[in-house]
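Structural features, examined
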Amino acid sequence: QVQLVESGGGLVQAGGSLRLSCAASGIIVSISTMGWYRQAPGKLRELVAEITSGGSTKYADFVKGRFTISRHNAKNTVYLQMNSLSPEDTAVYYCKAPGRNGGITWGQGTLVTVSS
C-alpha cells in the first residue's frame, strides 16, 4: 500500500516562503513520477509541479519560476520549495504518487495560507 504524508504548510505573509515535504512509503520516489497539486476553496484540484524518475520537472504557468520540486532519495521524500508567495497561492496542497494497483495515491493534504 502506498502512503503519502505531507507537512510544512502554515500561515505566511505575502512575499514569504515555505517548504512542503511529502514522506512516502510503499513506493520508491526515485523511480516514480511524483507530483504536487493544490485545491483552493470553490476551485478544482490543479497541477502545481511534477518530477519524473529521470529528474525532469514540469510546472504550472502560475508558478512563474517561484516554486521548485525536488526529492531526497535516501529519505524517500519529495519537496516543494515555494518562494514569493501571494494570497492567490492559498490552498490545500496534495502530494500525488502512483498507486500499487495501477491507480493514484493522494496524501491527506497540508494547508497553505498566505496573508496580505
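Details of the pattern of salt bridges
- Taken as a whole and assessed by the stated rule, the structure comprises four salt bridges.
- We note a salt bridge from Asp89 to Arg38, for which the minimum N-O separation is 2.9 Å. Of the two residues, Asp89 sits in the loop between β8 (77–82) and β9 (91–98) while Arg38 sits in strand β4 (residues 34–39), which places them 51 residues apart along the sequence.
- The closest approach of N and O atoms between Glu50 and Lys58, which form a salt bridge, is 3.6 Å.
- For Lys58, a relative accessible area of 42% corresponds to the partly exposed category.
- Taken together, the shared-partner salt bridges in this structure form one network comprising Arg38, Glu46, Arg66 and Asp89.

What about the packing of aromatic side chains?
- Taken as a whole and assessed by the stated rule, the structure comprises two aromatic pairs.
- Considering the side-chain rings of Tyr37 and Trp106, the 5.2 Å spacing of their centres and the 85° angle between planes classify their relative orientation as edge-to-face. Within this pair, whereas Tyr37 is found in strand β4, its partner Trp106 is found in strand β10 (residues 104–106), the two being separated by 69 residues in sequence.
- A ring pair is formed by Tyr94 and Trp106, whose centres lie 6.4 Å apart and whose planes are at 85°; its orientation type is edge-to-face. Taken together, the residues Tyr94 in strand β9 and Trp106 in strand β10 connect sequence positions twelve residues apart.
- For Tyr94, a relative accessible area of 14% translates into the label buried.
- According to the relative accessible area criterion, Trp106 is partly exposed, its value standing at 34%.
- A connected cluster of aromatic rings, assembled from ring pairs, spans Tyr37, Tyr94 and Trp106.
- Positioned above the aromatic ring of Tyr94 is the side chain of Arg45, whose terminal nitrogen or guanidinium carbon lies 3.7 Å from the ring centre.
- Directly above the aromatic system of Trp106 lies the positively charged group of Arg45, at a separation of 4.5 Å from the ring centroid.

Each value, and the rule that gives it
- Residues numbered from 1 in each chain as written.
- Predicted model: local features only at pLDDT ≥ 70, side-chain atom pairs only at ≥ 80, totals over all residues.
- Heavy atoms only, no water.
- Salt bridge = Lys/Arg side-chain N within 4 Å of Asp/Glu carboxyl O.
- Helix = DSSP H or I, 4+ residues; strand = E, 2+ residues; numbered from the N terminus.
- Buried < 20%, exposed > 50% of the residue type's maximum accessible area, 1.4 Å probe, protein only.
- Phe/Tyr/Trp six-rings, centres within 6.5 Å; stacked < 30°, edge-to-face > 60°.
- Lys NZ or Arg CZ within 6 Å of the ring centre and 35° of its normal.

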